[in-house]
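Secondary and tertiary structure notes
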Amino acid sequence: MRRRAAEYRRPVRRRISYWIWALLGVFCFVGFVLFVVHHNHDRDRVAKPMMEKDEKTESTAVHLNFTEEMLSASSLARQLAEQMTLAKAYIIIAKEHRNLRLAWELSSNIRSCQLLLSKAAMRGEPVTMDEAEPIIKSLSSLIFKAQDAHYDIATTIMTMKSHIQALEERAHAATVQSSIFGQLAAEALPKSLHCLNVKLTVDWMKKPTLHQLAHEGKTSPRLVDNNLYHFCIFSDNLVAVSAVVNSTVSNADHPKQLVFHIVTNGVNYGAMQAWFLSNDFKGCMVEIQNIENFTWLNSSYSPVVRQLHGRNSQAYYFGGSQDFDVEPKFRNPKYSSLLNHLRFYIPDIYPHLEKVVFLDDDVIVQKDLTQLFSLDLHGNVNGAVETCLEAFHRFYKYLNFSNPMISSKLDPQACGWAFGMNVFDLIAWRRANVTSKYHYWQEQNTDCTVWKLGTLPPGLLSFYGLTEPLDRRWHVLGLGYDPNIDSRLIESGAVLHFNGNMKPWLKLGITRYKPLWDRYVNRNHRYLQGCLLS
């Protein structure tokens, strides 16, 4: 069979390709239409938030304009505000003169004025004359009425001055009263600690074995061995002293080489003995002495004993005077305690020792302190951390430089230093006769004209030119009053000092620092647990 010529064949395939191209064209057209619709929808979505934002901006601008109107000297809102201020002053005067009706009318108009200003601020539009005119007229007539009643501007000014003065006096009295209450809280011993002292004192009285152990400890050769490391603490606070000892031995490389010399008063002597004899502090030696047995420390030897036992001193500390010119901290009874002044008699108390580290009872130790004994003091008596990073720790802040005896011998810009952690070279102390210098300055200050109170001012005088500055990391201060001490400084500090009223054993102690002290308190002791629970 012959094939047909090309012009007689059926164009089937060509017809199919035409339909394919037609379909592709339709799809492209539909896709283009969808793209245009979607694009316009997105533009609407973007435009709507922009419109909302523009509306908010316009609203803010209106509010800002109203604020500017309040500050404008020619605006109605400013005029209303000034009339309200004057009306409030006349209310006080009217009440004092028992013109209660005038005071009520003024108060009513003030409320109307406040309501009008509030509405204007809410709607974001300035106050109109129609709104403000009735209130301005009413307030003006009442103010003229008050002036006709002899409440003129001069009377108003004098009355307001007297009110301001009375308020200032009340604020000052409240501040002083707050300081007094804070000082009383700092001086008080918590009931739980007093309970512990009572229980331990009963043990001391009932257990003769404790007396025997205490008698044997007094003859220990370790107490006078200068190859060991000696620390002295003078306090009547048992738990605080225990925390100092516990923290020191806990961070020492060789705690058995440490010797602690503690002096307390007769009231707490038995409790101290019972506590340290019945608890082990890693093999260290602890000596307890009673200051009442220091018969050599009497008025014939020490001027401070004469002053503290004098009638004027007793009346000053315990007479209940309410003299607001005297800072409450200067009435702290600790200044009348001989324990606070024993730091100036260390060579007399320990005649056989050559070097000691003095610690206050409101410190805790974080590093090994035995390195302090190898520091070179360059012939000085006292190794201490200086505190003159701030201007108020210069000599002129502690001493009265208007006294020629002070100004002629001392530099007012000399750097102060701190008690609380001090290294004392007792050989150099005896050579320089520091205790005699302390007695001299105490005799010059019988009338408290050289310095007010405390042990630091006489310390600055007695150790003047005899103090070796130490690295500040040995002694970090301020944990009893400053809640913002740098954490890095606290971590690097060898001794942390809770100087100030916010002691860690009190409820008013700074919460941030309390755990640093609490971890060295043996709360598992049955007596302490029972006292805390009771």
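Below, the discussion takes up empty space enclosed by the protein. This structure, assessed with the given rule, holds one cavity of 30 Å³ or more. Take the lining of the largest cavity: its biggest share by element is three residues, from helix α8 (residues 238-250). A class-by-class count of the residues in the lining of the largest cavity yields seven nonpolar, two polar and no charged.

For strand β1 (residues 229-234), the tally of buried residues reaches five of six residues, placing the bulk of the element in the interior. Pairing analysis gives six bridges linking β1 to strand β2 (residues 258-264), with the strands arranged parallel. In the strand pairing of β2, Y229 is matched with L258. With α8 bridging β1 and its parallel neighbour β2, the resulting β-α-β unit is right-handed. Bridge analysis of β1 against strand β4 (residues 355-359) gives two bridges, and the strand direction is parallel. What sits directly across from F231, in β4, is V357.

This part is about the pairing of strand β7 (residues 421-425). Regular strands show a simple pattern: their side chains alternate between the two faces of the sheet. In terms of burial, β7 is largely enclosed, as five of its five residues are buried. Side-chain alternation along β7 places M421, V423 and D425 on one buried face and N422 and F424 on a second face that is also buried. Pairing geometry for β4 and β7, over five bridges, is antiparallel. When the bridges of β7 are listed, V356 appears paired with F424. Bridge count for strand β6 (residues 382-385) against β7 is two bridges, and the pairing is antiparallel. Counterpart to G383 in the pairing with β7 is V423.

Reading across the sheet, the seven strands line up as β3-β2-β1-β4-β7-β6-β8 and stay open at both edges, with mixed pairing between neighbours. Each of the sheet's edge strands pairs with one partner strand only, and the pair in question is β3 (285-290) and β8 (467-470). Across the sheet, the mean angle separating the axes of adjacent strands is 25° when strand polarity is ignored. Sheet strands touched by α8: β1, β2 and β4. Its angle to β2, the strand with the most contacts, is close to 170°.

Working definition: the covalent bond between the sulfur atoms of two cysteines is a disulfide. Evaluated as defined, the whole model comprises two disulfides. The side chain of C195 participates in a disulfide bridge whose partner is C531; the two sulfur atoms lie 2.1 Å from each other. For the disulfide bridge between C195 and C531, the dihedral angle about the S-S bond is near -70°, and by the sign convention the bridge is left-handed. Residue C195 is found in helix α6 (residues 191-206), and its partner C531 is found in helix α19 (residues 526-533); the two are separated by 336 residues along the sequence. Note on C531: relative accessible area 3%, which makes it buried. For C388, the disulfide goes to C415, at an S-S distance of 1.9 Å. With the S-S bond torsion at -95°, the cross-link from C388 to C415 turns out left-handed. Here the residue C388 occupies a position in the loop between β6 and α13 (404-407), and C415 occupies one in the loop between α13 and β7, the gap between them amounting to 27 residues. Once the disulfide-bonded cysteines of the chain are ranked by sequence position, their pairing pattern turns out to be 1-4, 2-3.

Note that H230 resides in strand β1. Take H230: its relative accessible area is 0%, and that puts it in the buried class. At a separation of 2.6 Å, a polar atom in the side chain of H230 contacts the main-chain carbonyl oxygen of D225. There is a polar contact of 2.8 Å between the side chain of H230 and the side chain of H261. Contacts of H230, omitting those with residues within four sequence positions, involve R222, L223, V224, D225, V259, H261, L353, K355, V356, V357 and F373.

Inspection of the entire model under this criterion finds 24 aromatic pairs. Plain terms: the ring middles of F234 and F358 are 5.9 Å apart, the flat faces sit at 40° to each other, and that makes the pair tilted. In this pair, F234 sits in strand β1 while F358 sits in strand β4, placing the two residues 124 residues apart along the sequence. This pair shows no difference in class: F234 is buried, exactly as F358 is. With a centroid separation of 5.8 Å and an interplanar angle of 50°, the aromatic rings of W505 and W517 are classed as tilted. Of this pair, W505 sits in the loop between β9 (495-497) and α18 (514-518) while W517 sits in helix α18; the two residues are 12 residues apart in sequence, bridging distant segments of the chain. In this pair, the class of W505 matches that of W517, namely buried. The residue whose ring lies beneath R343 is F419, and the NZ or CZ to ring-centre distance is 4.8 Å. Taking the ring centre of Y527 as reference, the NZ or CZ of R526 above it sits at 4.4 Å.

Time to look at the environment of L76. Relative to the assigned elements, L76 resides in helix α2 (residues 76-96). Classification of L76 as buried rests on a relative accessible area of 15%. For the pair L76 and L117, spaced 41 residues apart in sequence, the C-alpha separation works out to 9.9 Å.

A few words now on the pattern of salt bridges. Summed over all chains, the structure comprises 12 salt bridges. E105 is paired through a salt bridge with R101; the nearest N and O atoms lie 3.4 Å apart. In this pair, E105 and R101 are both assigned in helix α3 (residues 100-123), four residues apart and thus about one turn of the helix distant. The exposure class assigned to R101 is exposed, which follows from its relative accessible area of 59%. Here E133 ties to K137 by a salt bridge, and the two come within 3.1 Å at their closest N and O atoms. Of this pair, E133 and K137 are both found in helix α4 (residues 129-148), four residues apart, which corresponds to roughly one turn of the helix. Each of the salt bridges in this network shares a partner with another, and the network as a whole consists of R101, E105 and K145.

Rules used in this analysis
- Residues numbered from 1 in each chain as written.
- Predicted model: local features only at pLDDT ≥ 70, side-chain atom pairs only at ≥ 80, totals over all residues.
- Heavy atoms only, no water.
- 1 Å grid on protein atoms, 1.4 Å probe; cavity = no way out; pocket = protein on both sides within 12 Å on 5 of 7 lines; lining within 4 Å.
- Points joined across faces, edges and corners; volume = space filled by probe spheres on them.
- Helix = DSSP H or I, 4+ residues; strand = E, 2+ residues; numbered from the N terminus.
- Nonpolar A, V, L, I, M, F, W, Y, C, P; charged D, E, K, R; others polar.
- Buried < 20%, exposed > 50% of the residue type's maximum accessible area, 1.4 Å probe, protein only.
- Pairing = 2+ DSSP bridges.
- Right-handed = clockwise from strand over helix to strand, strands pointing away.
- Axes fitted to C-alpha atoms, helices over the stretch in contact; angles between N-to-C directions.
- Contact = heavy atoms within 4.5 Å.
- Disulfide = S-S within 2.5 Å.
- Polar contact = N/O pair within 3.5 Å; in protein donor to acceptor, adjacent residues only side chain to side chain.
- Phe/Tyr/Trp six-rings, centres within 6.5 Å; stacked < 30°, edge-to-face > 60°.
- Lys NZ or Arg CZ within 6 Å of the ring centre and 35° of its normal.
- Salt bridge = Lys/Arg side-chain N within 4 Å of Asp/Glu carboxyl O.

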